[in-house]
Amino acid sequence: MSENVPKLRAALDDMPSYKPGKRNSSDGPASYKLSSNENPFPPLPGVLESVTGAAASFNRYPDMACADLLNELSTRFDVPVEHLATGTGSVGVAQQLLQATAGPGDEVIYAWRSFEAYPIITQISGATSVRVPLTAGEEHDLDAMADAVTDRTRLIFVCTPNNPTGTAIPGPELERFLDRVPRDVLVVLDEAYREFVRDDRVADGLALYRDRPNVCVLRTFSKAYGLAGLRVGFAVAHEPVAAALRKTAVPFGVSQLAQDAAVASLRSEDALLQRVDALVAERTRVAAALRDQGWTVPATEANFVWLRLGDRTTDFAGACERAGVVVRPFAGEGARVTIGEPEANDIFLETAETFRKTL
Ligand code: PMP
């Protein structure tokens, strides 16, 4: 039998698959999706127009260099165009970074729990994951992460704000960590939720990368900019890393629709960032209400909140779904709940209040 099936890499055996946030069920009462940290606002008319404009020529390949988008990003973030690279979502860029740095025998360090793609893309690369538990306060344990570095370490993911806990790392703490990491180890600062940060003490990767050639900042258009369905993210890093990202890119991976929508989004940034302000105001309201109900909610700088529920996690997710909101359970650990429309947040809060009494 075995000679009749293609030989697949052993690294793929027992690999957990990426579990997308559950969608709203079509037959049940659940009608709000708070399971994927998406932006609840529909596309801005101007951004939608850019996509329909680009759609008129989708018989052609997109601009492989993403020149317009890179120029726009270079101006917006005041970084040289050579320091920028785009990819199919920031998860696509993260996978390219692994392809560029790590393979069998190498080690990749990240906090756990953190973004669930890290173990998957590390395993695909053939490298070994080294998971460093979060602190009791649900924060990165940067000392333990620096202690975990060996001569086999090739890449370290630092997710700030962290998915799913929402906690973000203060600047001086991150600098101290970066000073401890050998300069030939790539540190990826995954800032997918950066636009939701309001605490000024939180590190800004774009300030930190400038004099550190081993630091790469990952950003995305999926969250604050609301383009999750179009798949476009980008990295900011010094030239050798940015050049490696161009080499490992899937040719034409970022569609013209995505490129044009990203450019239009940067040009409509004021309107989009006002929406982010509204979501941050909702985040403050939701976190305060949960604390009033007696929950321990880690300080969140992202567009979601984290509730540690242990073995009641699945029950809680079920109660939310029956009430009309789909949340993201991590069985045995806790639930991550995206900040959505005020009415969705209200349903979640009511459910949380009732559930709290059963704990
Ligand atoms: N990084 C983090 C921390 C995330 O939470 C996500 C999305 N869930 C991503 C990266 C990937 O986002 P995208 O590929 O849509 O840019």
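### Side note on the side chain of histidine 83
Here histidine 83 is to be found in the loop between helix H2 (67-77) and strand E2 (84-87). Look at histidine 83 and you get buried, because its relative accessible area is 13%.

### As for the pattern of salt bridges
Going through the model one piece at a time under the given rule, you end up with 22 salt bridges. Taking the shortest distance from any N to any O, the salt bridge between glutamate 269 and arginine 76 comes out at 2.6 Å. Here glutamate 269, found in helix H10 (residues 269-292), pairs with arginine 76, found in helix H2; they are 193 residues apart in sequence, far enough to count as distant. Of the residues examined, glutamate 269 reaches a relative accessible area of 9% and is grouped as buried. Under the relative-accessibility criterion, arginine 76 is labelled partly exposed at 37%.

### Structural notes on the site of the ligand
By nearness alone, 13 residues border the ligand, and Ser90, Asp190, Tyr193, Thr220 and Ser222 come closest of all. Within the backbone of serine 90, an N or O atom sits 2.6 Å from an oxygen atom of the ligand. In the environment of the ligand, an oxygen atom lies 2.8 Å from a nitrogen or oxygen atom belonging to the side chain of asparagine 163. When the ligand sits alone it has 390 Å² of accessible area, and the protein chains cover 93% of it. No other element matches the three residues that helix H3 (residues 89-101) contributes to the shell around the ligand.

### Comments concerning the confidence of the model for the protein chain
On average, residues of the protein chain carry a pLDDT of 96, and 98% of them reach 70 or more. Interface confidence in the predicted complex, given as ipTM, is 0.99; pTM for the same model is 0.97.

### Examining the packing of aromatic side chains
All chains considered together, the criterion is met by 14 aromatic pairs. Where phenylalanine 115 meets tyrosine 118, the ring centres are 5.5 Å apart and the plane angle is 85°; that geometry is what we call edge-to-face. On the basis of relative accessible area, phenylalanine 115 is assigned to the buried category, the value being 16%. The exposure class of tyrosine 118 is buried, given its relative accessible area of 1%. Taking the centre distance of 6.0 Å and the plane angle of 55° together, the rings of tryptophan 306 and phenylalanine 330 count as tilted. With tryptophan 306 in strand E9 (residues 304-308) and phenylalanine 330 in strand E11 (residues 328-330), the pair connects residues that are 24 residues apart, well separated along the chain. With a relative accessible area of 1%, tryptophan 306 lands in the buried category. The class for phenylalanine 330 is buried, based on a relative accessible area of 8%. The structure contains a cluster of three or more aromatic residues connected by ring pairs, namely Tyr18, Tyr110, Trp112, Phe115, Tyr118 and Phe157. When the ring centre of tryptophan 112 is taken as origin, the NZ or CZ atom of arginine 131, which lies over that ring, is 4.3 Å away. Directly above the ring of phenylalanine 304 sits arginine 336, whose terminal nitrogen or CZ lies 5.9 Å from the centroid.

### Quick word on the packing of helix H1 (residues 45-55) against helix H9 (residues 256-267)
Contact geometry for H1 and H9: axes closest at 8 Å, N-to-C directions at 150°. Judged by the angle between their axes, H1 and H9 are roughly antiparallel. By crossing handedness, the relation of H1 to H9 is classed as right-handed. Listed contacts from H9 to Gly46, Val47, Ser50, Val51, Ala54 and Ala55 of H1 are Gln256, Leu257, Asp260, Ala261, Ala264 and Ser265. Classifying every residue of the contact of H1 with H9 gives seven nonpolar, four polar and one charged.

### A word on the nonpolar core
One broad rule of soluble globular proteins: the nonpolar side chains tend to lie buried together. The biggest cluster of nonpolar side chains holds 84 residues, and the ones touching the most others in it are Ile156, Leu174, Phe177, Phe221, Leu290, Phe316 and Phe348. Discounting residues that sit within four places of it in the chain, phenylalanine 177 has contacts with Leu142, Met145, Ala146, Ile156, Val158 and Val187. Of all hydrophobic cores here, the second largest spans 25 residues; its members include Phe115, Ile121, Leu218 and Ala235.

### Section: the sheet that holds E2
An order of E2-E8-E7-E6-E5-E3-E4 is seen for the seven strands of this open sheet, with the pairing classed as mixed. Both outer strands of the open sheet, E2 and strand E4 (128-133), are each paired with one neighbouring strand and no more. Neighbour-to-neighbour, the strand axes of this sheet turn through a mean angle of 25°, independent of strand direction. Alignment of strand E7 (residues 215-220) against strand E8 (residues 233-236), held across four bridges, turns out to be antiparallel. Of the residues in E8, the one forming a bridge with valine 217 is valine 236. Packed onto the sheet, H2 meets E2, E7 and E8 and runs at close to 130° relative to E2. Taken strand by strand, H3 contacts E2, strand E3 (107-112), strand E5 (153-159), strand E6 (186-190), E7 and E8, and its axis lies near 155° from that of E7.

Reading the values: the criteria
- Sequence order as written defines residue numbering, which begins from 1 separately in each chain.
- Local features are withheld for residues below a pLDDT of 70 in this predicted model, meaning they are given only at 70 or higher, and side-chain atom pairs are given and counted only at 80 or more; totals for whole chains, interfaces and linings count all residues.
- With hydrogens and water set aside, each side-chain value is computed from the structure's full complement of heavy atoms.
- Only DSSP runs of H or I with at least four residues qualify as helices, and only runs of E with at least two residues qualify as strands; both kinds are numbered from the N terminus onward.
- Relative accessibility under 20% of the residue-type maximum defines a buried residue, over 50% an exposed one, and the middle range a partly exposed one, all with a 1.4 Å probe and only protein chains included.
- When a carboxyl oxygen of Asp or Glu lies within 4 Å of a side-chain nitrogen of Lys or Arg, that pair is called a salt bridge.
- Residues are labelled near a given molecule or strand when at least one of their non-hydrogen atoms is within 4 Å of it.
- Residues adjacent in sequence count toward polar contacts only when both atoms are side-chain atoms; beyond that, a polar contact is any pair of N or O atoms within 3.5 Å, and within protein one must be able to donate a hydrogen and the other to accept it.
- With residues, only the protein chains shown are counted as cover, and all accessible areas are computed by Shrake-Rupley using a 1.4 Å probe.
- The pLDDT score gives, residue by residue, the confidence of the prediction method on a 0 to 100 scale.
- Two rings from Phe, Tyr or Trp (for Trp, the six-membered ring) form a pair when their centres are within 6.5 Å of each other. A pair whose planes differ by under 30 degrees is stacked, one over 60 is edge-to-face, and the rest are tilted.
- In this analysis the charged atom, NZ for Lys or CZ for Arg, is taken to sit over a ring once it is within 6 Å of the ring centre and within 35 degrees of the ring normal.
- Helix axes are fitted to C-alpha atoms over the stretch in contact, other axes to C-alpha atoms as well, and angles between N-to-C directions run from 0 to 180 degrees.
- For classification purposes, an angle smaller than 35 degrees is called roughly parallel, one larger than 145 roughly antiparallel, one from 65 to 115 roughly perpendicular, and anything else oblique.
- We call a crossing left-handed when the near helix sits turned anticlockwise from the far one by less than a right angle, and right-handed when that turn is clockwise.
- By the convention used here, residues are in contact when the closest approach between their heavy atoms is within 4.5 Å.
- Basically, the charged four are Asp, Glu, Lys and Arg, the nonpolar ten are Ala, Val, Leu, Ile, Met, Phe, Trp, Tyr, Cys and Pro, and anything else, Gly included, counts as polar.
- Nonpolar cores were defined as sets of buried Ala, Val, Leu, Ile, Met, Phe, Trp, Tyr and Cys residues, with membership established by side-chain atoms within 4.5 Å.
- Two strands are said to pair when DSSP picks up at least two bridges between them.

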